[in-house]
Amino acid sequence: MRRRPDHIKGLRFLEVAPGVSLFSPERPSFPLGTGLLVMDDVTVVVDTGAGEALAELARAVHVDLVLNTHFHPDHTRGNRYFDAKVACHRLDAPPLRDLKSFKEYTGFDEVEAEAGVDVPAMVDFRTSRVDLELEDGEVLDFGRTKCRVIHTPGHSPGHVALHFLEADFLFLADIDLTSFGPWYGHRCCDVDAFLESMNRVLEVPARALATGHRGALCERERLVAYRDEIYRRDELLLDMIRERPRDPATLAQEEEPFYPAHPFPVLTRYFERVMVEKHLGRLVRLGLAREEDGVFYAS
Ligand SMILES: [Zn+2]
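What you are looking at is a predicted structure, and each value in this text was computed from that prediction instead of being measured.

J.: Can you help me understand the domain arrangement of the protein in this one?
T.: Interfaces are frequently sized by the accessible area removed from exposure as the parts join. Assigned domains within the protein: domain 1 (11–218) and domain 2 (232–298). Distance from the C-alpha centre of domain 1 to the C-alpha centre of domain 2: 28 Å. The interface of domain 1 with domain 2 comprises 23 residues on the first partner and 16 residues on the second. Together, Phe180, Tyr184 and Asp192 form the three largest contributors to the area buried by domain 1 at its contact with domain 2, with a combined 32%.

J.: What exactly am I supposed to notice about the sheet that holds strand 1 (residues 11–17) here?
T.: Strand order in this open sheet of 7 strands is 1-2-3-4-5-6-7, and the pairing throughout is mixed. In this open sheet, the two strands that pair with only one neighbour each are strand 1 and strand 7 (132–134). With direction set aside, neighbouring strand axes in the sheet form an average angle of 25 degrees. Pairing of strand 3 (residues 35–38) with strand 4 (residues 44–46) involves 3 bridges; the strand directions are antiparallel. Residue Val38 lies in a different strand from strand 4, and its bridge partner there is Val44. Sitting on the sheet, helix 1 (residues 53–60) touches strand 1, strand 2 (20–25), strand 3 and strand 4, and the angle it makes with strand 1 is about 60 degrees.

Reading the values: the criteria
- Residues numbered from 1 in each chain as written.
- Predicted model: local features only at pLDDT ≥ 70, side-chain atom pairs only at ≥ 80, totals over all residues.
- Heavy atoms only, no water.
- Domains from an automatic or database assignment.
- Contact = heavy atoms within 4.5 Å.
- Buried area = accessible area lost by both parts, 1.4 Å probe.
- Pairing = 2+ DSSP bridges.
- Helix = DSSP H or I, 4+ residues; strand = E, 2+ residues; numbered from the N terminus.
- Axes fitted to C-alpha atoms, helices over the stretch in contact; angles between N-to-C directions.

Have a look at this one:
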């Protein structure tokens, strides 16, 4: 088994299993992300959103495979540093490969039309080649390290979690267990699928958990609380439309139910509106609300 470099400027490492290290930026802040380095017969980097420090990692270690848990730029932006094959789930390959799909998946074409903001440039979106398209249940063999792909859609259509089998370690990517999530603010997101994915990963009896935005191991109880946040939002939005039936855009603007006074207004307001729309749609499917001419009423 190859050895991890002792020090990469700008990165912190935490060994989570033999040969598997979580890496995160020394000064973590959005939109930087956390990833994994697997040093085995095959050397693998999982997610490349940890900033320019990854260029030094690419110089220090020959990486054979970059594995992206999903297409978001804070997980894929640094693919360009590595002379390696790139893998992601087949449903997230199109928006990683080209800008047009990226705009369609995210809904940023709409933001551009409405607000004249070039969001892909703003979030430093970079296209990437994709050589391998992953499927649910596939077991990737890196040598001693074996890793099962768990398709966990919702946050994006092709989002995956990774279960490292020998180490019994689960990497949850953007089932991120932060106070910003659960997040489903792009056109391609699906709140019901997110919930199902949460239930799916809760059934994996992993010894240790980590996510794409926290540079430390996470506690399992946090996963339950994070899942239950979706139920809390059901109640919150139901109360709001019970008090005054509204269309999603008005409700989002008046109440800011998810991200009050957030420091990135253009994007956050868009995400909030999309999340309100998706969540109200969920309440209708549950029979808890009904929609007439775009206005949502509590049933
Ligand atoms: Zn994401």
